[in-house]
Amino acid sequence: QVQLVESGGGLVQAGGSLRLSCAASGRTFSNYAMGWFRQAPGKEREFVATISWSGSSTYYQDSVKGRFTISRDNAKNTVYLRMNSLKPEDMAVYYCASAQGGLLYSEYENEYDYWGQGTQVTVSS
């Protein structure tokens, strides 16, 4: 059974930083691309960042480029999202997800088959 468990969310002032972690278990973590998505109140879930199985390729939503960094440690079966210069509009529940096999990486929700429970990020202005 595949499990993804996020942690690291919390309350931060605008301009501050957080690092989210997602610990994976239940399948060979290093074989799959991973992604981070977020959902703000009243909005649909949206793509944030994705990383290839090796960590050598990444892709970001335009609004987070230069502020967020996705990374992974395959030895620890963990993917990270470092978030700097946080803005009130970054406030959301953040979800990590494990992509379907055979993908380099993906920005599309329907190409992910396992999801975590989410972690809340609150940014105060």
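Residues numbered from 1 in each chain as written. Predicted model: local features only at pLDDT ≥ 70, side-chain atom pairs only at ≥ 80, totals over all residues. Heavy atoms only, no water.

### Let's talk about the sheet that holds strand β7 (residues 68–73)
A sheet is described by the order of its strands in space; here 4 strands give the open sequence β1-β3-β8-β7, paired in antiparallel fashion. The sheet is open, and its two borders are formed by β1 (3–7) and β7, each paired with just one other strand. Pairwise comparison of adjacent strand axes, ignoring direction, gives a mean angle of 15° for this sheet. Strand direction decides the pairing type here: β7 and strand β8 (residues 78–83), joined by 6 bridges, are antiparallel. If you follow Ser71 over to β8, its bridge partner there is Tyr80. (Pairing = 2+ DSSP bridges. Helix = DSSP H or I, 4+ residues; strand = E, 2+ residues; numbered from the N terminus. Axes fitted to C-alpha atoms, helices over the stretch in contact; angles between N-to-C directions.)

### What to know about the pattern of salt bridges
For the structure shown, the criterion picks out 6 salt bridges. With a closest N to O distance of 3.0 Å, Asp90 and Arg38 form a salt bridge. Of this pair, Asp90 sits in the loop between β8 and β9 (92–99) while Arg38 sits in strand β4 (residues 34–39); the two residues are 52 residues apart in sequence, bridging distant segments of the chain. The exposure class assigned to Arg38 is buried, which follows from its relative accessible area of 5%. Here Arg67 ties to Asp90 by a salt bridge, and the two come within 2.7 Å at their closest N and O atoms. Here Arg67 is found in the loop between β6 (58–60) and β7, whereas its partner Asp90 is found in the loop between β8 and β9, with 23 residues between them in sequence. In this structure Arg67 comes out as buried when scored by relative accessible area, which is 10%. The network of salt bridges with shared partners includes Arg38, Glu46, Arg67 and Asp90. (Salt bridge = Lys/Arg side-chain N within 4 Å of Asp/Glu carboxyl O. Buried < 20%, exposed > 50% of the residue type's maximum accessible area, 1.4 Å probe, protein only.)

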